[in-house]
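Here is what each chain is made of, one letter per residue.
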Amino acid sequence: MPRFPKPPEGSWTERYPNLGTGPVSYDDSITPEYFEREKEAVFKRAWLNVGRVEQLPRIGSYFTKDVRAAHASIIVVRDRERRVRAFHNMCRHRGNKLVWTDDPKNESQGICRQFACKYHGWRYGLDGSLTYIQQEGEFFDVDKSQWGLAPVHCEVWAGFIFVNFAQEPTQSLREFLGPMVTDLEGYPFERMTSRFGYTTTVGANWKLFMDAFAEFYHAPVLHGNQSPEKYSNAARQAGFEAPHYQIERPHRLVSTSGVRFWEMGPDMTKPMERLTQGGLFGPWEPADLGELPKGVNPAKCDPWGLDSFQLFPNFVILIWSQGWYLTYHYWPTSYNTHVFEGNVYFLPAKNARERVAQEMSAVTFKEFALQDANTLEATQMMLETRYVDRFLLNDQEILCRALHTEVRDWIDAHEVREGVRR
Amino acid sequence: MKALLPAEFADLEPFAAQWCLPTEHERYHARLASTTEEMQTFYDAVTPRAEAAMDYLDALSLDSLPDEATNLLYLLYSMIQASFPVELWRQPRVPDSGATSFDCFVEPVP
């Protein structure tokens, strides 16, 4: 008997008939050719989150971002009107990378009044306009107003900065996000400025690693050793079921039920969790955020643990019932590598006890992520041997099935539109 | 030599030089550079004092901690780092994590 009712269609997967229920292939994760098609059809077409407005606190604050999957490198900056803008990070004179520090292959950040090219000294305002040409008289009838930095479509939603590399995006950011995501508006993201950020390069296709965070079926097994034996035995025995899945294409959601560690006996929690009053689910003392917007826990699960909003293609916002949130970014760098970034956000701690509970939560998050990362390198290695190409997915893995399906559909639609194939 | 910790926590001073570290990067690498036995000794000394340390720190403003108090807070962060090898892994690294890293590039101050 399932612990939570399945939808009337019989299963979550069958609720979305385009997904099918058959075995799947991971051919989409093991070749450079497929990655090239993803770049064109997905990463150069979809809205991509590149950060938050708190990273640009003042006029002239900027950061650069390399988006290899769109073959792009951009500057994101707050201009004099306090608007967030994005530009290709390239001088219009001879194409030099405009903003970089020490090593042009690294990203950089800072604050400035204008951008000056290291090569011949051309300068640009914060709005991208070309303001100065060294020895301008040597050029031939230059109209500086025509030679500003090449803009990148840039829109902000709920403090999240998105860019789009299409000539003309087919949808506005709001249309792209859709109501399932925009109903999160009003969640106090902007107040959660206590941030822990982590990054690593993972030797696995970006979709395979997203899959690892799109299902919790693995949690009692892979992460079983993170808990006292009595707890992990009970968790493994029970298995994992989510009370709610939702797909509003191209985005996906899973909500989980809560685990009330703080109500459990000492043989079910770790001594350090009891001492610090924190752990995987966050500080045990919930943050008071006031009334939450309707998009949070949309199925009103009770008890409720978390919502994992998986924004297509490579961005996750994970909201915990304890009153904090995480983001994940998966930035492909090749068909079998990607840069994974995880950010943990809390309200600023009011005292040392709160800060210690946050530290325990952040350190626990990292311990779990290390287990996930290495496991997925093992998966990539074996898939690339190509001896087996049919794999089963269960109903709790619906969001894995959905991601691969969505990518395939975007590639099909794009290639038909472009006349690459019929 | 000037004490790193508040006088009330002089008993933890022997661990201060090694574990009062301001960044997660330094604390995590101190963990990897230590043996489980060394961390067990540190853990056994600091955990019985953690409640008193948090009481001491909670009487102060988190935004303007004196240096010794900040060091005490860092020591608690290191206690959390050491707890994973001591309570779970019996080795410095997460088992089966190979050469995988997950580098902290930004964290709250303090």
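Above: the structure in question.
Everything numeric here is computed off the predicted structure, so don't read it as measured data.

Visitor: Mind laying out the nonpolar core, listing which residues take part and the relevant values?
Guide: Soluble globular proteins tend to pack their nonpolar side chains together in the buried interior. Grouped together as the largest cluster of nonpolar side chains are 131 residues, with contacts concentrated most on Ile75(A), Val76(A), Val163(A), Phe209(A), Leu72(B), Leu75(B) and Leu76(B). Counting residues per element, this core draws most heavily on helix H5 (residues 67–89) of chain B, which supplies 11 residues. Both domains that furnish three or more residues to this core are identified here as domain 1 (12–24 + 183–417) and domain 2 (54–174) of chain A. Tyr26(A), Phe35(A), Tyr335(A) and Leu383(A) belong to the second-largest nonpolar core, a separate cluster that totals 5 residues.

Visitor: Could you give an account of the packing of helix H2 (residues 24–32) of chain B against H5(B), with specific residues and numbers?
Guide: All names here are of chain B. Interaxial distance between H2 and H5 falls to 10 Å at its minimum, and their mutual angle equals 40 degrees. Judged by the twist between their axes, the crossing of H2 over H5 is right-handed. Where H2 abuts H5, its residues Arg27, Tyr28, Ala30 and Arg31 lie against Tyr77, Ser78, Gln81, Ala82 and Pro85. Of the residues contributing to the contact of H2 with H5, the split by class is 5 nonpolar, 2 polar and 2 charged.

Visitor: Before we move on, can you summarise the interface of chain B and chain A with the specific residues and values?
Guide: Facing 29 residues of chain B, the contacting portion of chain A comprises 30 residues. Going through the elements one at a time, helix H4 (50–58), H5 and strand S1 (103–106) of chain B are the ones with two or more residues in the side of chain B that touches chain A. No other element matches the 9 residues that H5(B) contributes to the side of chain B that touches chain A. Class assignment for the residues of the side of chain B that touches chain A results in 17 nonpolar, 7 polar and 5 charged. Direction of pairing for strand S11 (residues 194–202) of chain A relative to S1(B): antiparallel, over a ladder of 3 bridges. Of the residues in S1(B), the one forming a bridge with Tyr198(A) is Cys104(B).

So, how was this worked out
Residues take numbers from 1 onward in each chain, read along the sequence in its written order. Chain letters and ligand numbers both follow the written order, the letters beginning at A and the numbers at 1. Selection of residues for local features in this predicted model requires a pLDDT of at least 70, selection of side-chain atom pairs for listing and counting requires 80 or more, and totals for whole chains, interfaces and linings are taken over all residues. We call a set of buried Ala, Val, Leu, Ile, Met, Phe, Trp, Tyr and Cys residues a nonpolar core when their C-beta atoms link them within 7 Å. Burial in this document is a count-based property: other C-beta atoms within 10 Å of a residue's C-beta are tallied, and the residue is buried at 20 or more, exposed at 12 or fewer, or partly exposed in between, with C-beta positions derived from the backbone. Strands here mean DSSP runs of E at least two residues long; helices mean DSSP runs of H or I at least four residues long; both are numbered from the N terminus. Domains are outlined according to an automatic or database domain assignment. To define axes, lines are fitted to C-alpha atoms, for helices over the stretch in contact only, and angles between the resulting N-to-C directions are given on a 0 to 180 degree scale. For a crossing to be left-handed, the near helix must be turned anticlockwise from the far one by less than a right angle; the clockwise case is right-handed. C-beta atoms are first placed from the backbone for all residues, and any pair lying within 7 Å is then listed as a contact. In this count, Pro and Cys sit with the nonpolar residues alongside Ala, Val, Leu, Ile, Met, Phe, Trp and Tyr, while Asp, Glu, Lys and Arg are called charged and the others, Gly among them, polar. Between any two strands, at least two bridges found by DSSP are needed for them to pair.

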